[in-house]
Amino acid sequence: KEAMDMDIQFKPSRPHWYERYVQPCVAELLGSTLFIFVGCLSVVEDVEGTGRLQPALAHGLVLGLIIAVLGDI
């Protein structure tokens, strides 16, 4: 019964070096690349009537997507 009363202290495990150093760098590279790529492609097919709206919407939508996918890293 005494063994059940003891508080068991768990040592939090340290994250692996990949999760700590490589994964955030790869996520940053992927996010920046996608943001710049979609931004450049949104300007290539610029239609007369859209003006600045098309690139602004493309950047905003891709930024929201990047945050949703890579935000927890």
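Residues numbered from 1 in each chain as written. Predicted model: local features only at pLDDT ≥ 70, side-chain atom pairs only at ≥ 80, totals over all residues. Heavy atoms only, no water.

The subject of this paragraph is the UniProt feature "transmembrane region" (unreviewed entry) in the protein chain. As annotated in UniProt, the feature "transmembrane region" (unreviewed entry) corresponds to residues 21-44 and 56-72 in the numbering used here. Helix makes up 100% of residues 21-44 and strand 0%. Its end C-alpha atoms lie 35 Å apart. In this annotation, residues 56-72 is assigned 88% helix and 0% strand; the end-to-end C-alpha distance for the span is 25 Å. (UniProt positions renumbered as here; feature names shortened; annotations may be inferred. Helix = DSSP H or I, 4+ residues; strand = E, 2+ residues; numbered from the N terminus.)

Looking at the secondary structure, you find Gly 31 in helix 2 (residues 17-44). With 38 residues separating them along the chain, Gly 31 and Val 69 place their C-alpha atoms 9.3 Å apart.

This part covers helix 3 (residues 53-70). For helix 3, with 18 residues, the first-to-last C-alpha span of 25 Å sits near the 26 Å given by 1.5 Å per residue. Among the residues of helix 3, those classed as buried are Pro 55, Ala 58, Val 62, Ile 66 and Leu 70. Here the buried residues of helix 3 occupy an arc of 65 degrees about the axis, which is enough to place them on one side. Helix 3 presents Leu 53, Leu 61, Ile 67 and Ala 68 as exposed residues on the side facing more than 90 degrees away from its buried surface. Among the structural elements, helix 2 are those in contact with the buried residues of helix 3. (Expected span 1.5 Å × (residues − 1). Buried < 20%, exposed > 50% of the residue type's maximum accessible area, 1.4 Å probe, protein only. Arc of directions from axis to C-beta. Contact = heavy atoms within 4.5 Å.)

Applying the stated criterion across every chain yields a total of one aromatic pair. Measuring from centroid to centroid gives 6.4 Å for Trp 17 and Tyr 18, while their planes differ by 85 degrees, and the two rings are edge-to-face. For Trp 17, a relative accessible area of 52% gives the class exposed. (Phe/Tyr/Trp six-rings, centres within 6.5 Å; stacked < 30°, edge-to-face > 60°.)

Our focus in this paragraph is the packing of helix 2 against helix 3. Where helix 2 contacts helix 3, the two axes come as close as 9 Å, and the packing angle between them is 160 degrees. Put simply, helix 2 runs roughly antiparallel to helix 3. Between helix 2 and helix 3 the crossing geometry is right-handed. Between helix 2 and helix 3, the residues in contact are Ala 27, Leu 30, Gly 31, Leu 34, Phe 35, Val 38, Gly 39, Ser 42 and Val 43 and Gln 54, Pro 55, Ala 58, His 59, Val 62, Leu 63, Ile 66 and Leu 70, respectively. Split into classes, the residues belonging to the contact of helix 2 with helix 3 amount to twelve nonpolar, five polar and no charged. (Axes fitted to C-alpha atoms, helices over the stretch in contact; angles between N-to-C directions. Parallel < 35°, antiparallel > 145°, perpendicular 65-115°, else oblique. Left-handed = near helix turned anticlockwise from the far one by under 90°. Nonpolar A, V, L, I, M, F, W, Y, C, P; charged D, E, K, R; others polar.)

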